[in-house]
Amino acid sequence: MQMVEPEKAAGIGDDDALMLRVGDRDADAFRMLVDRHAAIPFAIGCRMMKDPVEAEDIAQESLLRLWNNAENWITGSSGVEAWLRRVATNLCLDRLRKRKRMADDEVPEQMDDAPAADELVDGSRQEMAVKDCIGKLGDRQRAAVVLTYYEEQSNKDAAGVLDMKVKGFESLLYRARGALKDCLESSPYLVNVTRETSS
């Protein structure tokens, strides 16, 4: 007969069990959750804020909120990953809204920081063009794209993160795709490629 370790028998390794322990202020259980899930809010922060320092702040704030709200955790709910996605996305949206409110009416001119055509291979040009264009989307459109294409969430799950109905989310995502297409067609990263291949 095979012996089962008491922790495994009690389901201690799953997120709900860990959250119950975190609710009792078990730091080891929280460390396990951090090791397991910290990359999620950090990735969302990087893609939405385009700044790894801000992304780190987003990740830390998301995890701090997980710790602070552990006592109210409902087992069998959508899970830690979904909870962190929702919190991180909302933190990013809050920061982006605050940033817009603080910005002056007149945006200062920026130098064109697009790399010279010979500095990039085609793949990285496309990647830079996509990142640049995602950064130009409205906050909620950017969140829709990040959740769908980078976090690989279903429309239903992504709509839940943004507190939207699925039809409304699909409409938002449709508009975001259209804006991305328009932006990519005039992207300096890709225009240079077209000029080089045609000359």
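Look above for the structure.
For the structure given in this document, a descriptive report is provided here. Small disclaimer: the values here were computed from a predicted structure and weren't measured. (Residues numbered from 1 in each chain as written. Predicted model: local features only at pLDDT ≥ 70, side-chain atom pairs only at ≥ 80, totals over all residues. Heavy atoms only, no water.)

**Things to note about the state of the cysteines**
Cysteine pairs can be linked by a disulfide, which is a covalent bond between their two sulfur atoms.
Next, step 1: For the structure on display, the rule yields 1 disulfide.
Next, step 2: A sulfur-sulfur distance of 2.1 Å marks the disulfide that ties Cys 133 to Cys 183. Measuring the twist about the S-S bond at about -80°, one finds the Cys 133-Cys 183 disulfide to be left-handed. Here Cys 133, found in helix α7 (residues 122–136), pairs with Cys 183, found in helix α10 (residues 166–185); they are 50 residues apart in sequence, far enough to count as distant.
Next, step 3: Assessed through its relative accessible area of 2%, Cys 133 is described here as buried. (Disulfide = S-S within 2.5 Å. Helix = DSSP H or I, 4+ residues; strand = E, 2+ residues; numbered from the N terminus. Buried < 20%, exposed > 50% of the residue type's maximum accessible area, 1.4 Å probe, protein only.)

**Considerations on helix α2 (residues 15–23)**
Three- or four-residue spacings in an α-helix give side chains the same orientation, since the helix completes a turn every 3.6 residues.
Next, step 1: Within α2, 8 of the 9 residues are buried, which leaves the element mostly enclosed by the surrounding structure.
Next, step 2: Within α2, burial applies to Asp 15, Asp 16, Ala 17, Leu 18, Met 19, Arg 21, Val 22 and Gly 23.
Next, step 3: One or two steps after α2, the chain reaches Arg 25, where phi turns positive at roughly 65°.

**Some details on the pattern of salt bridges**
Where charged atoms of side chains with opposite charge meet at close range, the side chains can pair.
Next, step 1: Counted by the stated rule, this structure contains 15 salt bridges.
Next, step 2: The salt bridge involving Asp 28 is made with Arg 31; its shortest N-O contact spans 2.4 Å. In this pair, Asp 28 and Arg 31 are both assigned in helix α3 (residues 27–37), 3 residues apart and thus about one turn of the helix distant.
Next, step 3: Here Arg 95 and Asp 57 are joined by a salt bridge, their closest N and O atoms 3.9 Å apart. Taken together, the residues span a long stretch of sequence, with Arg 95 in helix α6 (residues 80–102) and Asp 57 in helix α5 (residues 52–68) at a distance of 38 residues.
Next, step 4: What makes Arg 95 partly exposed here is its relative accessible area of 30%.
Next, step 5: In this structure Asp 57 comes out as partly exposed when scored by relative accessible area, which is 33%. (Salt bridge = Lys/Arg side-chain N within 4 Å of Asp/Glu carboxyl O.)

**Examining the nonpolar core**
Next, step 1: Judged by nonpolar contacts, the single largest core of 29 residues is most densely connected at Ile 44, Met 48, Cys 92, Val 145, Leu 162, Phe 169 and Leu 180.
Next, step 2: Excluding anything up to four places from it in sequence, Val 145 contacts Ile 134, Leu 137, Tyr 150, Leu 173, Ala 176 and Leu 180.
Next, step 3: Grouped together as the second largest cluster of nonpolar side chains are 12 residues, Phe 30, Leu 63, Leu 66 and Trp 73 included. (Core = buried A, V, L, I, M, F, W, Y, C linked by side-chain atoms within 4.5 Å. Contact = heavy atoms within 4.5 Å.)

**Topic: the packing of aromatic side chains**
Next, step 1: One pass over the full model with this rule turns up 1 aromatic pair.
Next, step 2: Ring centres of Phe 30 and Trp 67 lie 5.1 Å apart, and the angle between their planes is 65°; on these two criteria the pair is classed as edge-to-face. With a gap of 37 residues between them, Phe 30 in helix α3 and Trp 67 in helix α5 connect regions that are remote in the sequence.
Next, step 3: Assessed through its relative accessible area of 16%, Phe 30 is described here as buried.
Next, step 4: Residue Trp 67 is classed as partly exposed on the basis of its relative accessible area of 21%.
Next, step 5: The cationic tip of Arg 25 hangs over the ring face of Trp 67; the distance from NZ or CZ to the ring centre is 4.5 Å. (Phe/Tyr/Trp six-rings, centres within 6.5 Å; stacked < 30°, edge-to-face > 60°. Lys NZ or Arg CZ within 6 Å of the ring centre and 35° of its normal.)

**Some thoughts on the environment of Ala 27**
Next, step 1: Considering the arrangement of structural elements, one finds Ala 27 in helix α3.
Next, step 2: On a C-alpha basis, the gap between Ala 27 and Trp 67 in space is 9.3 Å, while along the polypeptide they are 40 residues apart.

**Brief notes about unusual backbone geometry**
Next, step 1: Of note, Lys 50 is a non-glycine position whose phi angle comes to about 55°, a positive value.
Next, step 2: With respect to the helices and strands, the residue Lys 50 is situated in the loop between α4 (39–49) and α5.
Next, step 3: Within the chain, Glu 152 stands out as a residue other than glycine whose phi angle is a positive 55°.
Next, step 4: If you trace the backbone, Glu 152 turns up in the loop between α8 (139–150) and α9 (155–161).

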